[in-house]
Amino acid sequence: MRTSLINEMPSVDWRVCVAPMMDLTDRHCRYFHRLITRRARLYTEMVSTGALVHGDVARHLDHDAAEHPLALQLGGNEPAELAHGARLAQAWGYDEVNLNCGCPSDRVQRGAFGACLMAEPQRVADGVKAMSDACTLPVTVKHRIGIDRIERYEFVRDFIGTVADAGCSVFIVHARNAWLDGLSPKDNREIPPLRYEIVHRLKREFPALTIVINGGLAGDEAIAAQLQQVDGVMIGREAYHHPWSMASWDHRFLGSDAPAPQREDVEAQMLAYLQALQARGVPWPTAARHMLGLWNGTPGARRWRQVWSNHRLKNEPVARVAALARAARLDAAASTALAA
Ligand SMILES: Cc1cc2nc3c(=O)[nH]c(=O)nc-3n(C[C@H](O)[C@H](O)[C@H](O)COP(=O)(O)O)c2cc1C
């Protein structure tokens, strides 16, 4: 019985995770992130169960072996379709299948999944049960602390209680409500107030569950402080926009003794990756866009970014663009040093 999992110890596998982000955390982005952190758990963008029933499965699920540990996030509400998605997650070699109960977008609401599922815990429980029965992967749920103006702690407590009874033992909690009445997805990641104490209380009340906190967190000190209260931390925008913030994670939080990554090496490995893509006829900017923040915070970062995002260079051999970007960065850095 999957429910026996609930009696086990919380898992350390979710200690530091990179959030699923539509249009951002595609396979190219994850490959890049994996060069910076070898151990953090990575998530796909949300893939709707409908896309896996009717669409191009390989396009949605194919990934590089280097990306593990890797979770597939599903969006859906039909147990049979969720089971199908979970089966595919296992067949394609994912390490986890996650159900999205936090997305507030209109499109997702029209499909009656995402955050609005929090109003129907039993439906989520049925979906989780169907997924658990269909695969041997951990089935996890990502959700909010409430929807609309429901601020009561008991709402999210009862949601977790019901879904845990169906066999889910890992909950990733975005520590703000989703306001489903007219706020855009972007505003819904900024305007409803963050209430970390709700997530901490969930952990105290469900000590055997793995509780991962998400929302508005940035920097190692913030992660370390949260890990005093919960089992894991999931970082989204900060990881994407300041990717080098991930460089300390393996050593500081994930038990690695390997030497810290160097930006130069990551840049060189990305160049090899982009060259391989170009050789297969894939336009390199589709992947290079994710690494624009690599040198952020160092002299010359802006010039480097400008070269990589210059549309006039998009048909150039990628090695030439890399050489131009590097020269521009070093040049700007030298000028900064001279001026200092
Ligand atoms: C561009 C963008 C796309 C997102 N897409 C998803 C998604 O597909 N699935 C999901 O569960 N959350 C999605 N989110 C929400 C993030 O996973 C995360 O919960 C949110 O950004 C708060 O974390 P942060 O403050 O660390 O960014 C998205 C966020 C952003 C910025």
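Reading guide: rules and limits
Residues numbered from 1 in each chain as written. Predicted model: local features only at pLDDT ≥ 70, side-chain atom pairs only at ≥ 80, totals over all residues. Helix = DSSP H or I, 4+ residues; strand = E, 2+ residues; numbered from the N terminus. Rg over C-alpha atoms; globule rule 2.2 N^0.38 Å. Buried ≥ 20, exposed ≤ 12 C-beta atoms within 10 Å, placed from the backbone. Contact = placed C-beta atoms within 7 Å. Near = placed C-beta within 6 Å. Nonpolar A, V, L, I, M, F, W, Y, C, P; charged D, E, K, R; others polar. Pairing = 2+ DSSP bridges. Axes fitted to C-alpha atoms, helices over the stretch in contact; angles between N-to-C directions. Right-handed = clockwise from strand over helix to strand, strands pointing away. pLDDT = per-residue confidence, 0-100. Core = buried A, V, L, I, M, F, W, Y, C linked by C-beta atoms within 7 Å. Parallel < 35°, antiparallel > 145°, perpendicular 65-115°, else oblique. Expected span 1.5 Å × (residues − 1).

Participant: For this particular structure, what's the right way to read the overall build of the protein chain?
Facilitator: Scanning the protein chain from terminus to terminus reveals 15 helices and eight strands. Rg of the C-alpha trace for the protein chain: 21 Å, near the compact-globule value of 20 Å for 340 residues, within the 12% margin. Counting only C-alpha atoms, the protein chain reaches 60 × 45 × 45 Å along its principal axes. Taking all 340 residues of the protein chain together, the buried fraction comes to 44%. Across the protein chain, contacts joining residues at least 24 apart in sequence account for 73% of those joining residues at least 6 apart.

Participant: Sorry, what's going on with the environment of Ala 333 here?
Facilitator: On the secondary structure map, Ala 333 appears in helix H15 (residues 318-339). Along the chain, Ala 333 and Arg 303 lie 30 residues apart, while their C-alpha atoms are 9.4 Å from each other. Excluding residues within four positions of it along the chain, Ala 333 makes contact with Pro 299 and Gly 300.

Participant: Whenever I open this one, the site of the ligand confuses me. Can you help?
Facilitator: Around the ligand sit 23 residues, and of these Ala 19, Met 21, Met 46, Gly 236 and Arg 237 come closest. Put simply, the parts of the chain that give the shell around the ligand at least two residues each are strand E2 (41-48) and helix H10 (237-241). Tallied by class, residues from the shell around the ligand come to nine nonpolar, eight polar and six charged.

Participant: What is the right way to read the sheet that holds strand E3 (residues 70-75) from this model?
Facilitator: As a general point, the strands of a sheet are linked pairwise by backbone hydrogen bonds and lie either parallel or antiparallel. Here eight strands make up a closed barrel; going around it, the order is E1-E2-E3-E4-E5-E6-E7-E8 and the pairing parallel. Averaged over all neighbouring strand pairs, the angle between strand axes comes to 25°, with direction disregarded. Bridge count between strand E1 (residues 16-18) and strand E8 (residues 232-235): three bridges; the pairing is parallel. Note on E8: the bridge partner recorded for Val 16 is Val 233.

Participant: Please explain the environment of Gly 111 as it appears in this structure.
Facilitator: Assignment of secondary structure puts Gly 111 in the loop between helix H5 (106-110) and helix H6 (121-134). What makes Gly 111 partly exposed here is the crowd of 17 C-beta atoms within 10 Å.

Participant: Which parts of the structure should I look at to understand the pairing of E2?
Facilitator: Consecutive residues of a regular strand have side chains that alternate between opposite faces of the sheet. Burial of E2 is extensive: seven of the eight residues sit out of reach of the surface. Examined bridge by bridge, E1 and E2 share two bridges and lie parallel to one another. Note that in E2 the partner of Val 18 across the bridge is Leu 42. Once you follow E1 into helix H1 (residues 27-36) and on to E2, the crossover reads as right-handed. Strand direction decides the pairing type here: E2 and E3, joined by five bridges, are parallel. When the sheet's bridge partners are listed, Tyr 43 is paired in E3 with Ala 71.

Participant: Explanation requested: the pairing of strand E7 (residues 210-214) in the structure shown.
Facilitator: Burial within E7 is extensive, with five of its five residues counted as buried. Side chains of E7 alternate between two faces, with Thr 210, Val 212 and Asn 214 and Ile 211 and Ile 213 buried alike. As paired elements, strand E6 (residues 170-174) and E7 share five bridges and run parallel to each other. Of the residues in E7, the one forming a bridge with Val 170 is Thr 210. As for the winding sense of the linkage, the β-α-β connection from E6 through helix H8 (residues 196-205) to E7 is right-handed. Viewed along the sheet, the connection from E7 through helix H9 (residues 220-227) into E8 turns out right-handed.

Participant: Is there a simple way to explain the confidence of the model for the protein chain in this structure?
Facilitator: Detailed conclusions should not be drawn from predicted coordinates in areas where pLDDT is low. Confidence along the protein chain averages 95 in pLDDT terms, with 98% of residues attaining 70 or more. Note on residues 1-7: pLDDT under 50 across the span, and eleven contacts to partners over four residues away in sequence or across chains.

Participant: So what exactly am I meant to see when it comes to the nonpolar core here?
Facilitator: For soluble globular proteins, nonpolar side chains are generally found buried alongside one another. In terms of nonpolar packing, the biggest core is built from 94 residues, with Val 128, Val 163, Phe 171, Val 173 and Val 212 touching the most fellow members. The element that contributes the greatest number of residues to this core is H6, accounting for six residues. Ignoring anything within four residues of it in the chain, the contact list for Val 128 reads Leu 99, Val 139, Val 141, Val 163, Ala 166, Gly 167 and Cys 168.

Participant: Would you take a moment to explain the packing of helix H12 (residues 263-279) against H15 for this structure?
Facilitator: For any two helices packed against each other, one specifies the inter-axial angle together with the distance between the axes. Two numbers describe how H12 lies on H15: the axes approach to 9 Å, and their chain directions differ by 150°. With respect to their mutual orientation, H12 and H15 come out roughly antiparallel. Note on element contacts: H15 touches H12 through Val 318, Ala 319 and Ala 322, opposite Leu 271, Leu 274, Gln 275 and Gln 278. When grouped by side-chain class, the residues that make up the contact of H12 with H15 number five nonpolar, two polar and no charged.

Participant: Is there a simple way to think about H6 in this case?
Facilitator: Across its 14 residues, H6 extends 20 Å between first and last C-alpha, which sits within 8% of the 20 Å expected from 1.5 Å per residue. In terms of burial, H6 is a largely internal element, ten of the 14 residues being buried. Among all positions in H6, only Pro 121, Val 124, Ala 125, Gly 127, Val 128, Lys 129, Ala 130, Met 131, Ser 132 and Ala 134 are buried. Elements that come into contact with the buried residues of H6 comprise helix H4 (79-91), strand E4 (96-101), strand E5 (139-144) and helix H7 (153-165).

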